[in-house]
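Structural overview
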Amino acid sequence: MKKDKLTNFAGAVPDVPSLPVVATRILHIIADGNSSLEDLKKVISLDQAFSLRLLKVANSPYYRASNTVSDISDAITRIGFTTVQALVFAISLRDLRRSSNKTDVALWEHSLAASVASGLIARDLGVIPSGEAFVYGLLHDIGKVVINLSMKKEFAEVIRIVQEEHISFPEAENRILGFDHGDMGQYVAKQWRLPSDMVFAIANHHETDILSGGESAELKRKILIVKAADALCASLGIGLSGGMTLSAEEWQYVKLGSPKRREALSAIIADEYLNYHGFVTGQPVQGT
């Protein structure tokens, strides 16, 4: 597993952007075991458009409900406290982008798709809250986002190498930068004081020795949920990704050992990604 490589290379680390204020509030709500439905409603009530989009998601086929809900409290109850908070966080995370070029957009689209996929995998496993997995998936590539914000020329070269040589991002990043997006993600996550399990998952989601490590079964499962989500989204061609592979044992660990099951889940991910993309942006998206 990764060591904290960047702590000894402060000069090579660009300025870390501040976490958006709304996102910070949401993270605090997630971490506070005493938070209530009323706390969440106060956040949502600040944005009428958000409320309308929330109702649309609550009434989507994903939740398999026969009755339509029109009240925001009912929508929150149906979707789930943690998942709604994660969706709010997904919207606020867009504020990290200082520009909106193709790379920025593609990185964000992949992160959103991976968050949706992580939530779906976690829901099927039933071992951790799907909303928590949503946040893990959303932030897994935050290192790429920060590298692209601060080192656009170098990251463009990384992308070129990945696409032309068909190698993984970590391999290309280490060649060009001397560190990879897992290292940067670990550094950023610590700066933001994210939960330790989340920091570890962000740092290690590309590692190949996850199952042989000494971490708890729960933490291994969190990392592999993100890793599996990343791989499935890459196979769907959503956003900027590539080079993620899982061993047969890793797929089995998250109950996705069957290629047919992965194929079926991928179809659901593709559909739900469109729903959530529309939710977060307020606009429909055509295709993946």
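Above this text you will find the structure in question.
First things first, this report covers the structure right here in the doc. (Residues numbered from 1 in each chain as written. Predicted model: local features only at pLDDT ≥ 70, side-chain atom pairs only at ≥ 80, totals over all residues. Heavy atoms only, no water.)

1. A closer look at the overall build of the protein chain
- Check the secondary structure of the protein chain and you find 15 helices and 0 strands.
- When each of the 288 residues of the protein chain is scored for burial, the buried share is 53%.
- Taking as baseline every contact in the protein chain between residues at least 6 positions apart, the subset at least 24 positions apart corresponds to 67%.
- Roughly 13,100 Å² of accessible area belongs to the protein chain as shown, and the carbon and sulfur atoms make up 49% of that amount. (Helix = DSSP H or I, 4+ residues; strand = E, 2+ residues; numbered from the N terminus. Buried < 20%, exposed > 50% of the residue type's maximum accessible area, 1.4 Å probe, protein only. Contact = heavy atoms within 4.5 Å. Areas by Shrake-Rupley, 256 points an atom, 1.4 Å probe, with all protein chains shown as cover.)

2. Overview of the pattern of salt bridges
- Across all of its chains, the model carries 10 salt bridges by this definition.
- Glu 165 is the salt-bridge partner of Arg 175, the closest N and O atoms lying 3.0 Å from each other. Here Glu 165 lies in helix H9 (residues 152-165) and Arg 175 lies in helix H10 (residues 169-176), a separation of 10 residues in the sequence.
- Arg 175 gets classed as partly exposed once you look at its relative accessible area, which sits at 45%.
- Across the pair Glu 218 and Lys 222 runs a salt bridge whose closest N-O atoms are separated by 3.8 Å. In this pair, Glu 218 and Lys 222 are both assigned in helix H13 (residues 217-236), 4 residues apart and thus about one turn of the helix distant.
- Within the structure, one salt-bridge network assembled from shared partners comprises Glu 132, Asp 197, Glu 218 and Lys 222. (Salt bridge = Lys/Arg side-chain N within 4 Å of Asp/Glu carboxyl O.)

3. Some words on the nonpolar core
- Ranked by internal contacts, the top residues of the largest apolar core, which has 77 residues, are Ile 121, Phe 155, Leu 194, Ile 225 and Val 254.
- Per-element accounting of this core gives the leading share, 12 residues, to helix H6 (residues 102-125).
- Not counting residues up to four positions away in its chain, the partners in contact with Ile 121 are Ile 225, Ala 228, Ala 229, Leu 232, Val 254, Leu 256 and Leu 265. (Core = buried A, V, L, I, M, F, W, Y, C linked by side-chain atoms within 4.5 Å.)

4. Let's talk about the packing of aromatic side chains
- Under the counting rule described, the total for this entry stands at 1 aromatic pair.
- When the ring of Phe 155 is compared with that of Phe 169, the centres are 6.1 Å apart and the planes differ by 25°; the resulting orientation is stacked. A residue pair is termed long-range when its members are at least 10 positions apart, and Phe 155 in helix H9 and Phe 169 in helix H10 qualify at 14 residues.
- A relative accessible area of 0% means that Phe 155 is categorised as buried. (Phe/Tyr/Trp six-rings, centres within 6.5 Å; stacked < 30°, edge-to-face > 60°.)

5. So, the packing of H9 against H10
- The N-to-C vectors of H9 and H10 enclose an angle of 135°; their axes lie 9 Å apart at closest approach. With respect to each other, H9 and H10 are oriented oblique. Relative to H10, the crossing made by H9 is right-handed. Contacts from Glu 154, Phe 155, Glu 157, Val 158, Ile 159, Ile 161, Val 162 and Glu 165 of H9 reach H10 at Phe 169, Ala 172, Glu 173, Arg 175 and Ile 176. (Axes fitted to C-alpha atoms, helices over the stretch in contact; angles between N-to-C directions. Parallel < 35°, antiparallel > 145°, perpendicular 65-115°, else oblique. Left-handed = near helix turned anticlockwise from the far one by under 90°.)

6. Considerations on H10
- For H10, the set of buried residues is Phe 169, Pro 170, Ala 172 and Glu 173. What you see down the axis of H10 is that its buried residues fit within an arc of 165°, all on one side.
- Looking at the buried residues of H10, the elements they touch are helix H8 (142-150), H9 and helix H11 (181-191).
- With a side-chain oxygen positioned 3.3 Å from the backbone nitrogen of Glu 171, the residue opening H10 is Ser 168.
- Backbone geometry just downstream of H10 places Gly 178 in the positive-phi region, at approximately 90°. (Arc of directions from axis to C-beta. Polar contact = N/O pair within 3.5 Å; in protein donor to acceptor, adjacent residues only side chain to side chain.)

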